[in-house]
Amino acid sequence: MTTELHLQAPSASGLVWNVLPDAEPTPDAEREAILADPGFGQHFTDHMVDICWSEKGGWHRPRVQPYGPIPLDPAAAVLHYSQEIFEGLKAYRHADGSIWTFRPDRNAARLQRSARRLALPELPAEYFLESLRQLIAVDGAWVPSAPETSLYLRPFMFAKEAFLGVRAAKKVAYYLIASPAGAYFTGGVQPVNIALSTRYARAGHGGTGAAKTGGNYASSLLPQTEAYEKGCQQVLFLDGSYIEELGGMNLVLVTDDGRLITPESESILEGITLASILQLAQDRGLTVEQRKVTIDEWREGAASGAIVGAFACGTAAVVVPIGKLIADDYEIVHEGDASAELALSLREELTGIQYGRVEDRHGWMVRLDA
Ligand SMILES: *Cc1c(COP(=O)(O)O)cnc(C)c1O
């Protein structure tokens, strides 16, 4: 319910934001109960941001409003042709209570790259950053403070024009919602098993693999369902014989001489966690190789001892060691390998920076509540 309309002074980005506060926000005690055990993606804060775009008017009417259903015409193009993109990043509470996020410029730039590929308009980076600040200004109390918890920020954009003809929509909406997230691992980081998908691909040459778009996830759901049945949490996708990535995380192999190898491909999503982990590894003097890697190189390397482990990385889980890769007729087993130590120590350093425990020597952190 909305009772007031606050017109705020123009923000740093020059946009004038309308803030419509929720007249009945979640009571403090209820919010605290949610923050004590938030899970992932189940609870949402009291507000959301939306910014409209039209071919004629460009980006306009930025506002913060109570969280709730989005009115959508049944003919809205997104419902028919999947013209949609999204981002994912987190707000972290530091020990002094301040609220920070990690490399949001990278998310803003990636949202623009995804937009180009999906024929959506590019949201200026300063509007993106301002949307994060505006939401934190009203919903900052939703950023939990227990170790490894965060407020997951989910910006997304979709074609809302009501038109069944097939072309790029002339009316688009950008939204930002937020959801408190608990520690991904409770009781210590556990290695995961992943299934090798030889039947299904998540992306093709010239396709949308490098864009963060819902369609890539939709096509990964059937293989993921089959993987669950084999006791695997995730799927590794291939491009022919070359390894690519998991449904929503990038992959890194670790060699016995301390090199980190990650697949290079035009159809992989460029992960910000991956880039950051590789930077921290290079800072330690480790060698990083970004190149094509075949599944046979991994299999033979694991057998000979040249490849001593593997891990997956992404914003939600940060870094997850891979215990086993399960293929149709063989398994690669890394459980108990010493390389998990390297993955975990890189994880510790990265989360240390994100939570303000470790010096941010690359200037990656951006404060949101000031
Ligand atoms: C978001 C995503 C990643 C991880 O990217 P981060 O920026 O590290 O969160 C990896 N693969 C896919 C397919 C993704 O959508």
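Since the structure is predicted, the reported quantities are computational estimates derived from the model, not experimental observations.

Engineer: Can you help me understand helix 5 (residues 214-229) in this one?
Structural biologist: An α-helical segment advances 3.6 residues per turn. Residues three or four places apart therefore align on the same side. For helix 5, built from 16 residues, the straight-helix expectation of 22 Å at 1.5 Å per residue is met to within 8% by its first-to-last C-alpha distance of 23 Å. By the largest-angle criterion, Leu221 marks the main kink of helix 5, which is about 35 degrees, and a proline, Pro223, follows within four residues. Taken together, the buried positions of helix 5 are occupied by Asn216, Ser220, Pro223, Gln224 and Ala227. The inward-facing, buried residues of helix 5 contact strand 10 (192-197) and strand 11 (234-239). A positive backbone phi angle near 80 degrees is found at Gly231, which sits one or two residues after helix 5.

Engineer: Mind showing me how you'd approach the domain arrangement of the protein here?
Structural biologist: Quite often, the size of an interface is put as the accessible area lost when its parts meet. Along its sequence, the protein is carved into domain 1 (6-181) and domain 2 (192-354). Placing a centre on the C-alpha atoms of domain 1 and another on those of domain 2 gives a separation of 28 Å. On the domain 2 side, the residues contacting the 21 residues of domain 1 number 21 residues. A combined buried area of about 1,800 Å² lies between domain 1 and domain 2, and 54% of that area is made up of carbon and sulfur atoms. Among the residues of domain 1 in contact with domain 2, Phe86, Phe102 and Arg110 are the three that bury the most area, contributing 32% of the side total. Scanning the region where domain 1 abuts domain 2 turns up two salt bridges. Here Glu148 ties to Arg347 by a salt bridge, and the two come within 3.1 Å at their closest N and O atoms. Counting across the domain 1 and domain 2 interface gives 13 residue pairs in polar contact (both at pLDDT 80 or more). Going through the elements one at a time, strand 5 (84-86), strand 6 (89-93) and helix 3 (104-117) are the ones with two or more residues in the side of domain 1 that touches domain 2.

Engineer: For this particular structure, what's the right way to read the packing of aromatic side chains?
Structural biologist: Given two aromatic rings, one states the distance between the centres and the angle between the planes to describe the pair. Within the structure shown, the criterion is met by eight aromatic pairs. Their ring planes at 80 degrees and their centres at 5.5 Å tell us that Phe102 and Trp364 sit as a pair that is edge-to-face. Of the two residues, Phe102 is situated in strand 7 (residues 99-102) and Trp364 in the loop between helix 8 (339-354) and strand 19 (365-367); the sequence distance between them amounts to 262 residues. Taken individually, Phe102 and Trp364 each receive the classification buried, so the pair is uniform in this respect. Ring centres of Phe158 and Tyr175 lie 5.9 Å apart, and the angle between their planes is 10 degrees; this geometry places the pair in the stacked category. Remark: Tyr175 occurs in strand 9 (residues 171-181) and Phe158 occurs in strand 8 (residues 150-159); sequence separation between them is 17 residues. On the basis of relative accessible area, Phe158 is assigned to the buried category, the value being 6%. What makes Tyr175 buried here is its relative accessible area of 6%.

Engineer: It is not clear to me how the pairing of strand 3 (residues 47-54) should be interpreted in this structure. Could you clarify?
Structural biologist: Where a strand is regular, its side chains alternate between the two sheet faces. A large share of strand 3 lies buried, amounting to eight of its eight residues. Where burial is concerned, the two faces of strand 3 agree: the one with His47, Val49, Ile51 and Trp53 and the one with Met48, Asp50, Cys52 and Ser54 are both buried. Of the pairings in the sheet, the one linking strand 3 to strand 4 (residues 58-66) comprises seven bridges and is antiparallel in character. Opposite Cys52, over in strand 4, you have His60 as the bridge partner. In textbook terms, the turn of a hairpin is the stretch between consecutive antiparallel strands, and for strand 3 and strand 4 this stretch comprises three residues.

About the criteria used
- Residues numbered from 1 in each chain as written.
- Predicted model: local features only at pLDDT ≥ 70, side-chain atom pairs only at ≥ 80, totals over all residues.
- Heavy atoms only, no water.
- Helix = DSSP H or I, 4+ residues; strand = E, 2+ residues; numbered from the N terminus.
- Expected span 1.5 Å × (residues − 1).
- Bend = angle between axes of the 7 residues up to and from the residue.
- Buried < 20%, exposed > 50% of the residue type's maximum accessible area, 1.4 Å probe, protein only.
- Contact = heavy atoms within 4.5 Å.
- Domains from an automatic or database assignment.
- Buried area = accessible area lost by both parts, 1.4 Å probe.
- Salt bridge = Lys/Arg side-chain N within 4 Å of Asp/Glu carboxyl O.
- Polar contact = N/O pair within 3.5 Å; in protein donor to acceptor, adjacent residues only side chain to side chain.
- Phe/Tyr/Trp six-rings, centres within 6.5 Å; stacked < 30°, edge-to-face > 60°.
- Pairing = 2+ DSSP bridges.

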